[in-house]
Amino acid sequence: MTPTLRPVFEVETASASHPGAADRPRVSVVVAVTERPSSLDWLYREYSPPIRALGEPFEFVFVVDRWGTELAQSLAELRQEGEPIRVFEAGHGVGESGMLEAVRTHLRGDVVVTLPAYPRVRAEGLAALVRKVDEGVDLATAKRTAIGGSFLGRLQRGAFHLLLRWGIGGSFEDVASGVRAMRREVLDEVPVYGDLVRFLPVLAQREGFRVEEVPVPQHPEDSRPRVYSPGIYVRRIIDLLGLFFMVRFTRKPLRFFGLVGTLLSGIGTLILIVLLLQRIGGQAIADRPLLLLGVLFFVTGVQAIAMGLIGEIIVHLSAGQGRREYRVEESVREKI
Amino acid sequence: MSSVPELSVVIPVLNEEENVLPLIDRVRAALGVATEWELVLVNDGSTDRTAELVANSAAEDPRIRLVTLARRYGQSTAMQAGFDHARGRILVTMDGDLQNDPLDIPVLVAELEKGWDLVAGYRERRQDLLVRRKIPSWIANRIIAGITGVKIRDNGCSLKAYRRELLERVHLYSDMHRFIPALAAGMAGARISEMPVRHHPRIAGESKYGLSRVGKVLVDLLTVKMIRSFRMNPARLFGGGALAAALIGVVTAGLALRAYGAFDAEIAGSVIFAGVTLLWFSLGVFLFMLGLVAQVAVSTKQRAGRDPGPLLHEVHT
């Protein structure tokens, strides 16, 4: 279920005091504030100039958590000055995916830029991303070019993407930078939930959108070395596994579970056959713990296959319902 | 084109730039002007000039239509995309590599009009390699017939004709296009006929198949079998498994008791058998609960929206 949003500051209808609101914006910059950010007015002052320099109407849309509302107050002054700022409040614990999903229908631009609430790239990079979308790319995601400093950060990122490429393919080097420009349609057609928003470029590519990584200079603030708690690393790996399964097997779960199950029950069967042969040869097997192991393998394998069958039932039942499985790029002579 | 065509020919194409124009010409020649028809070509992520060539033809001839998918999705999804865009009362599928002959289309359609829901073509004199193609295919067709109970001579032949009502009940995903007859019979109670069709060797372009699909086909077969047999009552499948596991558990429990009865001499044996018994019982319980989960899935779907139900033919008396 899409979370609901409460507008904190909405743009008023066109008026002389709000020149930015007079025209429909073409670029919507979304800032989903989930962690305690740098001050939001600083963020706006830092990142709005290159967007403004594109010369087209734009809007900055902040989505804040419950406690983020007080942070949003810092934007009030900017709004007084007529800056095109809108602020929405989401319920607590909605997360970045939920915020993006909820704010989607409120965005008015054709091009949507997502910007993390703390500086990751230099501001001028945003314009490069938007221009890339104007050139016909569906989603342009920032690839941070490190400006020296954090070797550790690069090492972590490198290892993560090695796993990503190994498991899923593609050529992403900085998939989770969070700074992206995309055509509105991408956001409308790629469902994001849970922590999947991190992998939006991968998912968009899966849906058949043209995705490109654009090198953008990293922000000095972002290149400080950072070491996370072990829990974060575990979570990232689980995220990757989830993505891997989702991309490869969600439409054919039995291919995965069947493979695992066949392997396991195969090992089990092998053990049991060996024991059976020994029994026929006159050896007692009742006191052999190997018997237990053989049955354990076999039973676990059967469970895996049964799980796969459940998965297939779910896939089968949902086939032909709701969203289509494919995306049509063009159809000459569309249905009349 | 304002009128709705009677017949839609749906052909998925993937990198067939050498074949696609001759294909269009042959379909035109075969169907002529006798019936209202359309040709829906589904471009499944071609990287060559296929789409461009089709688009040019479509610009000249309103009966030719092109649906370009955003990336390569595979034959099943491409076919489904074609079905979704086709408008005819009768649909015919075939391969885009000229191995099927469009001249067979009117023959299949005529057979369909006799009251069948699906007419499957089978390649009578197949022009393929014996060891790499014909023998695996012969074995596969036997296995499919044996397991699904739907005896089709040539599941691998794409040339088939369908009534639209049937395709509204069968949705293709994953790699299910190989099992359309079995799915159609299982899900919609389709009445199926077979007709011999011509088969030409591939002249241009590359084959997209290899022997590597054997494992995938076997797994899909298991799925189709399950869907067909237990579509409305999956608890029965899992319930049967649960019962079998529990029965084995009872036997091993007996063995454990017997070993325990022999006292200290076999005390280790009784522990091992007790462990084995627990494993079998836990499998039984697991499968039983999984059956209930499957029931939840089925009934949730039933609540969300009703299926159109099996096909019925009115009998004239």
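Residues numbered from 1 in each chain as written. Chains lettered and ligands numbered in written order. Predicted model: local features only at pLDDT ≥ 70, side-chain atom pairs only at ≥ 80, totals over all residues. Heavy atoms only, no water.

Quick notes on the overall build of chain A
Across its full length, chain A holds 11 helices and 9 strands. In chain A, which comprises 336 residues, the share counted as buried stands at 47%. Considering only intrachain contacts with a sequence separation of at least 6, the fraction spanning at least 24 residues in chain A is 80%. (Helix = DSSP H or I, 4+ residues; strand = E, 2+ residues; numbered from the N terminus. Buried < 20%, exposed > 50% of the residue type's maximum accessible area, 1.4 Å probe, protein only. Contact = heavy atoms within 4.5 Å.)

Thoughts on the overall build of chain B
A tally of regular secondary structure across chain B gives 10 helices and 7 strands. Relative to the 2.2 N^0.38 estimate, which gives 20 Å for 317 residues, the radius of gyration of chain B is 25 Å and therefore markedly larger than a compact globule would have. Taken over the C-alpha atoms alone, chain B extends approximately 90 × 50 × 40 Å along its principal axes. When the 317 residues of chain B are sorted by exposure, 52% land in the buried category. Look at the contacts in chain B between residues 6 or more apart in sequence, and 82% of them connect residues 24 or more apart. Looking at chain B as shown, the accessible area adds up to about 14700 Å², and 61% of this sits on carbon and sulfur atoms. (Rg over C-alpha atoms; globule rule 2.2 N^0.38 Å. Areas by Shrake-Rupley, 256 points an atom, 1.4 Å probe, with all protein chains shown as cover.)

As for the interface of chain B and chain A
With 56 residues of chain B at the interface, the matching set in chain A holds 46 residues. Overall, the association of chain B and chain A removes approximately 4600 Å² of surface from exposure, summing both partners, and the carbon and sulfur fraction of that is 69%. Applying the counting criterion to the chain B and chain A interface returns 2 salt bridges. A salt bridge links Arg255(A) to Asp175(B), with the shortest nitrogen-to-oxygen separation between them at 2.9 Å. The interface formed by chain B and chain A includes 7 residue pairs in polar contact (both at pLDDT 80 or more). Among the elements of the structure, helix H2 (50-60), strand S3 (64-69), helix H3 (75-85), helix H8 (214-230), helix H9 (234-261) and helix H10 (267-304) of chain B are those that each provide at least two residues to the side of chain B that touches chain A. Broken down by element, the residue count for the side of chain B that touches chain A peaks at 18 residues, all from H10(B). Split by residue class, the side of chain B that touches chain A holds 35 nonpolar, 10 polar and 11 charged. (Buried area = accessible area lost by both parts, 1.4 Å probe. Salt bridge = Lys/Arg side-chain N within 4 Å of Asp/Glu carboxyl O. Polar contact = N/O pair within 3.5 Å; in protein donor to acceptor, adjacent residues only side chain to side chain. Nonpolar A, V, L, I, M, F, W, Y, C, P; charged D, E, K, R; others polar.)

A closer look at helix H1 (residues 20-31) of chain B
Residue and element names in this part refer to chain B. The end-to-end C-alpha distance of H1, which contains 12 residues, comes to 16 Å, matching closely the 16 Å that a straight helix rising 1.5 Å per residue would cover. For H1, the full list of buried residues reads Val20, Leu23, Ile24, Val27, Ala30 and Leu31. Across the axial projection of H1, the buried residues extend over an arc of 130°, all falling on one side. Of the surrounding secondary structure, the elements contacted by the buried residues of H1 are strand S1 (7-13), strand S2 (37-43), H2, S3 and helix H4 (104-112). Downstream of H1 by one or two residues, glycine 32 has phi in the positive range, about 55°. (Expected span 1.5 Å × (residues − 1). Arc of directions from axis to C-beta.)

What about the confidence of the model for chain A?
Low pLDDT means the predicted coordinates in that region are not meant to be read closely. Here chain A averages 83 in pLDDT, while 88% of its residues score no lower than 70. Of the regions scoring below 50 in pLDDT, residues 12-21 of chain A engages in 12 contacts with residues more than four places distant in sequence or in other chains. (pLDDT = per-residue confidence, 0-100.)

As for the packing of aromatic side chains
For the structure shown, the criterion picks out 12 aromatic pairs over all chains. Where Phe245(A) meets Phe256(A), the ring centres are 5.2 Å apart and the plane angle is 75°; that geometry is what we call edge-to-face. Highlighted residues: Phe245(A) in helix H9 (residues 230-249) and Phe256(A) in helix H10 (residues 253-280), separated in sequence by 11 residues. Owing to a relative accessible area of 25%, Phe245(A) belongs among the partly exposed residues under this scheme. Its relative accessible area of 29% is what places Phe256(A) among the partly exposed residues. The ring of Phe209(A) has Arg327(A) sitting right over it, with the charged end atom 3.7 Å from the ring centre. The ring of Tyr122(B) is capped by Arg153(B), whose NZ or CZ atom sits 4.1 Å from the centre of that ring. (Phe/Tyr/Trp six-rings, centres within 6.5 Å; stacked < 30°, edge-to-face > 60°. Lys NZ or Arg CZ within 6 Å of the ring centre and 35° of its normal.)

Digging into the nonpolar core
With 73 residues, the main nonpolar core has Ile313(A), Leu69(B), Phe83(B), Tyr162(B), Leu166(B) and Phe238(B) as its most contacted residues. Among the elements that line this core, the one with the most residues is H10(B), at 12 residues. With near-sequence residues (within four places) excluded, Tyr162(B) lies in contact with Phe83(B), Arg89(B), Ile90(B), Leu91(B), Thr93(B), Leu112(B), Asp117(B), Leu118(B), Leu167(B) and Ile180(B). In terms of nonpolar packing, the next biggest core, distinct from the first, is built from 36 residues, Phe160(A), Ile168(A), Met182(A) and Val211(A) among them. (Core = buried A, V, L, I, M, F, W, Y, C linked by side-chain atoms within 4.5 Å.)

Here's the deal with the pairing of strand S5 (residues 111-114) of chain A
Residue and element names in this part refer to chain A. The alternating pattern of S5 places Val111 and Val113 and Val112 and Thr114 on opposite faces, both of which are buried. As paired elements, strand S2 (residues 27-33) and S5 share 4 bridges and run parallel to each other. If you follow valine 30 over to S5, its bridge partner there is threonine 114. Inspection of the sheet shows S5 paired to strand S7 (residues 180-183) by 4 bridges, in the antiparallel sense. Within the sheet, the bridge partner assigned to valine 112 lies in S7 and is methionine 182. (Pairing = 2+ DSSP bridges.)

So, the pattern of salt bridges
When the charged atoms of two side chains with opposite charge come close together, those side chains can pair. All names here are of chain B. This model, assessed by the stated rule, comprises 37 salt bridges over all chains. Where arginine 28 meets aspartate 25, a salt bridge forms, and the shortest distance between an N and an O atom there is 3.2 Å. Remark: aspartate 25 and arginine 28 occur in helix H1; sequence separation between them is 3 residues, near one turn of the helix. Accessibility expressed as a relative area gives 25% for arginine 28, which makes it partly exposed. In this structure, the salt-bridge partner of aspartate 117 is arginine 163, at a minimum N-O distance of 2.9 Å. One end of the pair, aspartate 117, is in the loop between H4 and strand S5 (118-123); the other, arginine 163, is in strand S6 (residues 160-163), with 46 residues separating them in the sequence.

Thoughts on the side chain of Glu16(B)
Within the fold, Glu16(B) resides in the loop between S1 and H1. According to the relative accessible area criterion, Glu16(B) is buried, its value standing at 5%.

Looking at the side chain of Thr223(B)
Along the chain, Thr223(B) falls in helix H8. Apart from the residues lying within four places of it in its own chain, the contact partners of Thr223(B) are Leu254(A), Glu312(A) and Met176(B).

With respect to unusual backbone geometry
Residue and element names in this part refer to chain B. Positive phi values are uncommon outside glycine, yet asparagine 15 reaches one of about 50°. Among the secondary structure elements, asparagine 15 is positioned in the loop between S1 and H1. A residue is classified by how much of its surface remains accessible, and asparagine 15, at 28% relative accessible area, is partly exposed. Of note in the backbone geometry, leucine 98 takes a positive phi value of approximately 70° without being a glycine.

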